[in-house]
Amino acid sequence: MMARYAEVIGDPVGQSKSPAIHRFWLERLGLEGDYRATAVTAAQLPDYLAQRRNDPFWRGCNVTMPHKQAVIGLVDRLEPLARKVGAINTIVRATDGALIGRNTDVAGFLEPLRGHLDQSHYFRMARVIGTGGAARAVIAALAREGFTIVLAARDQANARGLLADLPSGREHYAAPLDHFAAPTDFAFDDREGCLDLVVNATPLGMRGQLPLAFDWSHAPPGAIAYDIVTDPVDTDFLSNARAAGHRAIDGLAMLIGQAAAAFTYFYGAPPPREHDGELRTLLSA
């Protein structure tokens, strides 16, 4: 007998840790179901979704690189947040068969920062690297939380366009990708009462990808380094940040956080987050 299932799609997708996460939670909860990884090219996306739409056992899918924007035109409805972000990372099949595009990256990204965000600050600034689907969620999340954003990207016009789409009332800045690569002797002002982030929202530094060139002289004292890359978990970006005296958040934090929201959509129950420590050990092995 077939069991309900969800999956992650991308090109490539073999490196995804999502199947391990969802299967871990299904096992801990004793729920019947499965979660798979399925390679889908850009050309295959329309046929893939058409086939899955008619599969009564399919609950939906997570969407990873490079499809987070391409699938927008292939779903029936967009939740407001996904529309605002301009990227989908979760598609859910509704009871009427409609495909709903959602974004759980925003919640996943903010989850490990919540203890800091619940405090009051005189000023919040984030240096964000990247303009892809995940970066769009990061930028939207930070803008909602009152950050001034410096967005570094190869395509300056694209970066300026993303920043222009953010709510008005705060000035943001675009910078070339290599702006942060060379050392700086900039003298930072007093950061007491401020919250500073440096976020790698690109695949740079991922296993098999080019390294990310970032010189930590560009980060104010006390800044938090946040890398969304999950393979390896401890990237050079994060290890260099710690060596420079900064706190670090790895990509597993965001990955687990966004997966938790998706899991509830797919299987109708919240995941057992009390086992996060065990899950992180599994994913880091």
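Computed from a prediction, not measured in an experiment: that's the story for all the values here. Per-chain numbering applies: the sequence of each chain, read as written, is numbered from 1 onward. Where local features are concerned, this predicted model is filtered to residues with pLDDT of at least 70; where side-chain atom pairs are given and counted, the filter is 80 or more; whole-chain, interface and lining totals use all residues. For side-chain calculations, the full set of non-hydrogen atoms in the structure is used, while hydrogens and water are omitted.

*Asks:* Please clarify how the overall build of the protein chain should be interpreted in this entry.
*Replies:* The numbering of helices and of strands both runs from the N terminus, where a helix is a DSSP run of H or I of at least 4 residues and a strand a run of E of at least 2. Along the protein chain, the regular secondary structure elements total 10 helices and 12 strands. The burial tally for the protein chain puts 52% of its 285 residues in the buried class. In this description, contact between two residues means that some pair of their heavy atoms is separated by no more than 4.5 Å. Long-range contacts, defined here as pairs at least 24 residues apart, represent 67% of the contacts in the protein chain between residues at least 6 apart. Carbon and sulfur atoms provide 51% of the accessible area of the protein chain, an area that totals close to 13000 Å². Positive charges are assigned to Lys and Arg, negative charges to Asp and Glu, while His and the chain termini are left out of the count. Charged groups are reduced to one reference atom each: NZ for lysine, CZ for arginine, CG for aspartic acid, CD for glutamic acid. Placing the 28 positive and 32 negative side-chain charges of the protein chain at their respective mean positions leaves the two points 5 Å apart. Exposure classes here rest on a 1.4 Å probe applied to the protein chains alone. A residue is buried below 20% of its type maximum, exposed above 50%, and partly exposed in between. Per-residue accessibility takes into account occlusion by the displayed protein chains alone, with areas from the Shrake-Rupley method and a 1.4 Å probe.

*Asks:* Hey, could you run me through helix α6 (residues 133-144) in this one?
*Replies:* In an α-helix, one full turn covers 3.6 residues, which means residues spaced three or four apart are oriented alike. In a regular helix each residue adds 1.5 Å, so 12 residues correspond to 16 Å; α6 covers 17 Å between its end C-alpha atoms and thus fits that length. For α6, the full list of buried residues reads G133, A134, A135, R136, A137, V138, I139, A140, A141, L142 and A143. Those residues of α6 that are buried lie in contact with α3 (80-85), α4 (105-110), β7 (123-129), β8 (148-153), α7 (156-164) and β10 (194-200). Once α6 finishes, G146 follows within two positions and takes phi at roughly 85°, a positive value. In a helix, the anticipated span is given by 1.5 Å times the number of residues less one.

*Asks:* Teacher, can you tell me more about the nonpolar core here?
*Replies:* Inside soluble globular proteins, nonpolar side chains tend to come together where they are buried. Nonpolar cores are built from buried Ala, Val, Leu, Ile, Met, Phe, Trp, Tyr and Cys residues. Side-chain atoms within 4.5 Å join them into one set. Core analysis: the largest hydrophobic core is formed by 36 residues, its most contacted members being F109, V128, L142 and I149. Among the elements of the structure, α4, β7, α6, β8, α7, β10, β11 (224-227) and α9 (251-267) are those that each provide at least two residues to this core. Per-element accounting of this core gives the leading share, nine residues, to α6. Those residues within four positions of V128 in sequence are excluded, and the remaining contacts are V138, I139, L142, I149, V150, L151, A152, V199 and A201. Counting residues in hydrophobic clusters, the runner-up holds 21 residues, among them L26, L255, A259 and L283.

*Asks:* Mind showing me how you'd approach helix α2 (residues 45-53) here?
*Replies:* Inspection of α2 places L45, Y48, L49 and R52 among the buried residues, and these make up the whole buried set. Buried residues of α2 fall within an arc of 90° about the axis and therefore sit on the same side. Residues D47 and Q51 are exposed on α2 and point more than 90 degrees away from its buried face. Against β1 (5-10), β2 (34-39), β3 (58-63), β5 (90-93) and β6 (99-102) lie the buried residues of α2. Note that the arc is defined by the directions from the helix axis to the C-beta atoms.

*Asks:* Where do I start with the pattern of salt bridges in this structure?
*Replies:* One side chain can pair with another of opposite charge once the charged atoms of both are near each other. We define a salt bridge as a side-chain nitrogen of Lys or Arg found within 4 Å of a carboxyl oxygen belonging to Asp or Glu. Summed over all chains, the structure comprises 19 salt bridges. The residue E27 makes a salt bridge to R28 at a minimum N-O spacing of 3.7 Å. What makes R28 partly exposed here is its relative accessible area of 32%. Ionic pairing is found between K68 and D105, a salt bridge with its closest N-O pair at 2.7 Å. Here D105 lies in helix α4 and K68 lies in the loop between β3 and β4 (77-78), a separation of 37 residues in the sequence. Judged by its relative accessible area of 12%, K68 is buried. Several salt bridges share partner residues, and in doing so they unite R127, D189, R191 and D196 into one network.

Worth remembering: the numbers are spatial, not functional.
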